[in-house]
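Below, each chain spelled out in residue letters.
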Amino acid sequence: QVQLVESGGGLVQAGGSLKLSCVASGGIFSINAMGWYRQFPGKQRELVATIARGGGTNYADSVKDRFTISRDNAKKTVYLQMSSLKPEDTAVYYCSADIYTMFDGRNDYWGQGTQVTVSS
């Protein structure tokens, strides 16, 4: 059974940095794209950044030049380095991965979410 487990969220002052990690486990044959999304209270989940298996990246305009997504394929892990954080970055952050397993084929999986709070 595939699981994505996030870590690294917390409380930080404006201008500070945090690094999120997300580890995938459980019967994985291969992982294609991985990504980070966030959800503000009362809003729909939105894209933060994605990274292809080969390393190609895509960012939301609101985080370009402040956030960096990376991955370690051997560790089945995706990271989000967040710098110059702003109060408006406060949200629950979710990781997602496009994963192929031998039993279930190809599906999108989500982590449980980690809270990031930026104080002004």
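That block above? That's the structure.
Residues numbered from 1 in each chain as written. Predicted model: local features only at pLDDT ≥ 70, side-chain atom pairs only at ≥ 80, totals over all residues. Heavy atoms only, no water.

J.: Give me the lowdown on the packing of aromatic side chains, citing residues and values where you can.
T.: All chains considered together, the criterion is met by two aromatic pairs. Taking the centre distance of 5.8 Å and the plane angle of 70° together, the rings of F29 and Y100 count as edge-to-face. One end of the pair, F29, is in strand β4 (residues 28-39); the other, Y100, is in strand β9 (residues 91-101), with 71 residues separating them in the sequence. The class for Y100 is partly exposed, based on a relative accessible area of 33%. Positioned above the aromatic ring of Y79 is the side chain of K19, whose terminal nitrogen or guanidinium carbon lies 4.7 Å from the ring centre. Directly above the ring of Y94 sits R45, whose terminal nitrogen or CZ lies 3.6 Å from the centroid. (Phe/Tyr/Trp six-rings, centres within 6.5 Å; stacked < 30°, edge-to-face > 60°. Helix = DSSP H or I, 4+ residues; strand = E, 2+ residues; numbered from the N terminus. Buried < 20%, exposed > 50% of the residue type's maximum accessible area, 1.4 Å probe, protein only. Lys NZ or Arg CZ within 6 Å of the ring centre and 35° of its normal.)

J.: Explain a nonpolar patch on the surface to me, using residue names and the numbers behind them.
T.: Together, F29, Y100, M102 and F103 make up a nonpolar patch on the protein surface, roughly 550 Å² of accessible area in all. Relative to the elements of secondary structure, M102 occurs in the loop between β9 and β10 (105-110). (Patch = residues over 30% accessible without salt bridge, like charges linked within 9 Å, V, L, I, M, F, W, Y side chains within 5 Å. Areas by Shrake-Rupley, 256 points an atom, 1.4 Å probe, with all protein chains shown as cover. Salt bridge = Lys/Arg side-chain N within 4 Å of Asp/Glu carboxyl O.)

J.: How would you sum up unusual backbone geometry? Please name residues and give values.
T.: Notably, D65 is not glycine yet its phi reads approximately 75°, a positive angle. Here D65 lies in the loop between β6 (57-59) and β7 (67-72). For D65, a relative accessible area of 83% corresponds to the exposed category. The phi dihedral of S84 falls on the positive side, at around 50°, and the residue is not glycine. Within the secondary structure, S84 is located in the loop between β8 (77-82) and β9. According to the relative accessible area criterion, S84 is partly exposed, its value standing at 42%.

J.: Can you tell me about the nonpolar core, naming the residues and giving the values?
T.: With 32 residues, the main nonpolar core has W36, L80, M82, Y93 and I99 as its most contacted residues. At the level of elements, β3 (18-25), β4, β5 (46-51), β7, β8, β9 and β11 (114-119) are the ones that each hand at least two residues to this core. Once residues within four sequence positions are removed from consideration, I99 is found in contact with V2, L4, A24, I28, S30, I31, G105, R106, N107 and Y109. (Core = buried A, V, L, I, M, F, W, Y, C linked by side-chain atoms within 4.5 Å. Contact = heavy atoms within 4.5 Å.)

J.: So what about the environment of F67? Which residues, and what values?
T.: Counting through the fold element by element, F67 comes out in strand β7. Taking C-alpha positions, F67 is 14 Å from C95, a pair spaced 28 residues apart along the chain. When sequence neighbours within four positions are dropped, the list of residues in contact with F67 reads R38, V48, Y59, L80, Q81, M82, S83, L85, D89 and Y93.

J.: Break down the environment of L20 for me, with residues and values.
T.: Topologically, L20 is positioned in strand β3. In sequence terms L20 and F40 are 20 residues apart; their C-alpha atoms lie 17 Å from each other. When residues no more than four places from it in sequence are discounted, the contact partners of L20 are S7, G8, G9, W36, V78, Y79, L80, M82, Y93, T114 and V116.

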